[in-house]
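Remarks on the overall topology
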Amino acid sequence: MSKAELKQMPPLTSDEEAERFVEEADLSEYDLSVFKPMRFEFAKKSAVLNMRIPPSLLSAVKRKAEAKGVPVTRYVRMLMEEDVSRP
């Protein structure tokens, strides 16, 4: 099936709707290219980091976080995790 023939994902407004959809639908008929990888955070966060940065840098970070659809602190934490995980 070509991408043009794939169905668009319906809006799912609750976990129950999503579970029902996944149970009943043939997902191979849907365009799943719109999905983004999602990270779930389970580790307890108890350490605090306080830093001073230029307002222009903070504005840029806020714009990037908003574009990714995540809160600023989570975005900064994601950047730090990506950096320290590289060899």
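Up top is the structure these notes are about.
Residues numbered from 1 in each chain as written. Predicted model: local features only at pLDDT ≥ 70, side-chain atom pairs only at ≥ 80, totals over all residues. Heavy atoms only, no water.

**Notes on the packing of helix H2 (residues 55-68) against helix H3 (residues 72-85)**
- Here H2 crosses H3 at 95 degrees, and the two axes come no closer than 9 Å. As judged from the angle between their axes, H2 and H3 are roughly perpendicular. For the pair H2 and H3, contact is made by Val61, Lys62, Lys64, Ala65 and Lys68 and by Val72, Tyr75 and Val76, respectively. (Axes fitted to C-alpha atoms, helices over the stretch in contact; angles between N-to-C directions. Helix = DSSP H or I, 4+ residues; strand = E, 2+ residues; numbered from the N terminus. Parallel < 35°, antiparallel > 145°, perpendicular 65-115°, else oblique. Contact = heavy atoms within 4.5 Å.)

**Remarks on a nonpolar patch on the surface**
- There is a patch of nonpolar side chains on the surface, built from Leu49, Met51, Ile53, Leu57, Leu58 and Met80 and spanning about 530 Å² of accessible area.
- Of note, leucine 49 is situated in the loop between helix H1 (15-24) and H2. (Patch = residues over 30% accessible without salt bridge, like charges linked within 9 Å, V, L, I, M, F, W, Y side chains within 5 Å. Areas by Shrake-Rupley, 256 points an atom, 1.4 Å probe, with all protein chains shown as cover. Salt bridge = Lys/Arg side-chain N within 4 Å of Asp/Glu carboxyl O.)

**Details of the pattern of salt bridges**
- Scanning all chains against the criterion turns up two salt bridges.
- The closest approach of N and O atoms between glutamate 29 and lysine 7, which form a salt bridge, is 3.0 Å. Here glutamate 29, found in the loop between H1 and H2, pairs with lysine 7, found in the segment before H1; they are 22 residues apart in sequence, far enough to count as distant.
- The closest approach of N and O atoms between aspartate 83 and arginine 86, which form a salt bridge, is 3.2 Å.
- Accessibility expressed as a relative area gives 45% for aspartate 83, which makes it partly exposed. (Buried < 20%, exposed > 50% of the residue type's maximum accessible area, 1.4 Å probe, protein only.)

**Details of the environment of glutamate 41**
- Of note, glutamate 41 is situated in the loop between H1 and H2.
- Given the relative accessible area of 35%, glutamate 41 is considered partly exposed.
- The spatial distance from the C-alpha of glutamate 41 to the C-alpha of arginine 74 is 10.0 Å, given a sequence separation of 33 residues.

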